[in-house]
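# Survey of secondary and tertiary structure
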Amino acid sequence: MNKGAIPDESPRNLPEELLLQDAKAGNYIVIHCGTDRLLGDAPRLIAIYGGNPEDWDKMTSIEAF
Amino acid sequence: MIIRCIANTGASLPDDYIEPAIGYTKEIQFSLTVGREYVVYAFREWRGTIWYYICDDNYSYYPMQNPAPLFEVVDDRVSKYWRFKLSANGFLMIAFEQWFTDPDFYDKLTDQEEAEIEIFDKVKELMDAEDFDLPPLDVAVEKLRETVSV
């Protein structure tokens, strides 16, 4: 592990703020599934938040800017 | 390979593609335009489902996987940049060389790492402009035989 916990990025404008809220509300899609291939960042995430390597997926909002 | 979008919601997907835990619901609206054509940069097959990696309508710097049933294939000629990989667990992936050279390529690309973004920019430029035109079979084989006999 070479990084600490990464906080949410601060939205720089209203569209970004809406996008972040939307993603947190569940409007997301997985773009990298940990069960297909482990995330490179999985060891750090596990050290900070726990879980198993395959539990960690990478997601993105399904809305556009 | 070029595909055309024929549907852009989860309602059009077979049940095999519906997996709410990872965001694929019947209600999902994909960032795709019905009727628009997209270049396929890679694709994968897993347990009978096929996913195309394309630059969808939200494209920023990486291709996104999209379920195959949302598209029809309009140009089935495959890219000369593609490589084939079948993993021991049955996971099939076809993608450009750099995707496999570094097993973490897509992870790094989606993390917005500069080197991987530059690679994908180059691959995208080449594949978008790829010339698939081949001479007719008879002409091609004649040309080959002339080359071999010289």
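Everything numeric here is computed off the predicted structure, so don't read it as measured data.

## Section: the overall build of chain A
Regarding its fold elements, chain A presents 2 helices and 2 strands. Along chain A, helices (α) and strands (β) appear in the sequence α-β-α-β when read from the amino end. Per-residue burial over chain A gives 8% buried out of 65 residues. Contacts in chain A between residues at least 24 apart in sequence constitute 62% of all its contacts with a sequence separation of at least 6.

## Concerning the pairing of strand β4 (residues 49-54) of chain B
All names here are of chain B. Two elements, strand β3 (residues 42-46) and β4, share 5 bridges in a ladder whose sense is antiparallel. Looking at β4, one finds that Arg 44 is bridged to Trp 51. Between the end of β3 and the start of β4, which pair antiparallel, lie 2 residues, with Arg 47 showing a positive phi angle near 50°. Bridge count for β4 against strand β5 (residues 64-67) is 4 bridges, and the pairing is antiparallel. When the sheet's bridge partners are listed, Tyr 52 is paired in β5 with Asn 66.

## Side note on the environment of Lys 58 of chain A
Tracing the sequence through the fold places Lys 58 of chain A in strand β2 (residues 58-61). Looking at Lys 58 of chain A, the number of C-beta atoms within 10 Å reads 16, which means it is partly exposed. Separated by 25 residues in the primary sequence, Lys 58 of chain A and Cys 33 of chain A place their C-alpha atoms 6.5 Å from one another. Setting aside residues up to four positions removed in sequence, Lys 58 of chain A forms contacts with Val 30, Ile 31, His 32 and Leu 39 of chain A together with Thr 110 of chain B.

## Notes on the interface of chain A and chain B
Where interface size is given, it is often the accessible area lost as the parts come together that is meant. Taken together, the contact pairs 14 residues of chain A with 13 residues of chain B. Where the side of chain A that touches chain B is concerned, the elements lending two or more residues are β1 (28-32) and β2 of chain A. Of the residues belonging to the side of chain A that touches chain B, the class tally is 9 nonpolar, 2 polar and 3 charged.

## Considerations on the sheet that holds strand β7 (residues 82-86) of chain B
All names here are of chain B. Taken in spatial order, the 5 strands of this open sheet run β5-β4-β3-β8-β7, and their pairing is antiparallel. Two strands close off the open sheet at either side, each with one partner strand: β5 and β7. This sheet shows a mean twist of 20° between the axes of neighbouring strands, independent of strand direction. Direction of pairing for β3 relative to strand β8 (residues 92-96): antiparallel, over a ladder of 3 bridges. Paired with Glu 45 across the strands is Leu 92, a residue of β8.

## Considerations on the sheet that holds strand β1 (residues 2-5) of chain B
All names here are of chain B. Read across the open sheet, the 3 strands follow the order β2-β1-β6; overall the sheet is antiparallel. Of all the strands in the sheet, just β2 (37-39) and β6 (71-75) have a single pairing partner and so form its edges. Each neighbouring strand pair of the sheet contributes to a mean axis angle of 35°, computed without reference to strand direction.

## Structural notes on the nonpolar core
All names here are of chain B. Formed by 28 residues in total, the largest nonpolar core has its most connected members in Val 40, Tyr 41, Ala 42, Tyr 52, Tyr 53 and Ile 54. Those elements that provide at least two residues to this core are β1, β3, β4, β8, α2 (105-110) and α3 (114-128). Sorting elements by how many residues they give to this core places β8 first, with 4 residues. Apart from the residues lying within four places of it in its own chain, the contact partners of Tyr 41 are Tyr 53, Ile 54, Pro 63, Phe 96, Val 123, Lys 124 and Met 127.

## Section: α3 of chain B
Along an α-helix, residues three or four positions apart point the same way, because every turn accommodates 3.6 residues. All names here are of chain B. With 15 residues, α3 ought to run about 21 Å at 1.5 Å a step, and its terminal C-alpha atoms sit 21 Å apart, in line with that. Taken together, the buried positions of α3 are Glu 116, Ile 119, Phe 120 and Val 123. In a view along the axis of α3, the buried residues occupy a sector of 95°, so they form one face of it. Every exposed residue of α3 that faces more than 90 degrees away from the buried side is listed here: Glu 114, Glu 118, Asp 121, Lys 122, Glu 125 and Asp 128.

## So, the confidence of the model for chain A
When pLDDT is averaged across chain A, the result is 81; 83% of the residues are at 70 or more. Confidence, expressed as mean pLDDT per element, reaches its minimum in chain A at helix α1 (residues 14-24) of chain A with 81 and its maximum at helix α2 (residues 42-49) of chain A with 89.

The rules behind each value
Here, residues in each chain are numbered from 1, in the same order as that chain's written sequence. Going through the entries in the order they are written, you letter the chains from A and number the ligands from 1. Given that the model is predicted, a residue must reach a pLDDT of at least 70 before its local features are reported, and side-chain atom pairs must reach 80 or more before they are shown or counted; all residues, however, enter totals for whole chains, interfaces and linings. Note on conventions: DSSP H or I runs of at least 4 residues are helices, E runs of at least 2 residues are strands, and numbering of each starts at the N terminus. Comment: burial labels come from other C-beta atoms within 10 Å of the residue's own C-beta, placed from the backbone, where a count of 20 or more is buried, 12 or fewer is exposed, and between is partly exposed. Contact between two residues is assigned when their C-beta atoms, built from the backbone, lie within 7 Å. Two strands qualify as a pair provided that DSSP identifies no fewer than 2 bridges between them. For this scheme, ten residues count as nonpolar: Ala, Val, Leu, Ile, Met, Phe, Trp, Tyr, Cys and Pro. Four count as charged, namely Asp, Glu, Lys and Arg, and the remainder, Gly too, count as polar. Interaxial angle, 0 to 180 degrees, is taken between N-to-C directions of lines fitted to C-alpha atoms, where a helix line uses only the stretch in contact. What makes a nonpolar core is a set of buried Ala, Val, Leu, Ile, Met, Phe, Trp, Tyr and Cys residues, with links drawn between C-beta atoms within 7 Å. Multiplying 1.5 Å by the helix residue count minus one yields the expected span of that helix. As used here, the arc is the angular range of directions from the helix axis to the C-beta atoms. Within a predicted model, pLDDT stands for the predictor's per-residue confidence, ranging from 0 to 100.

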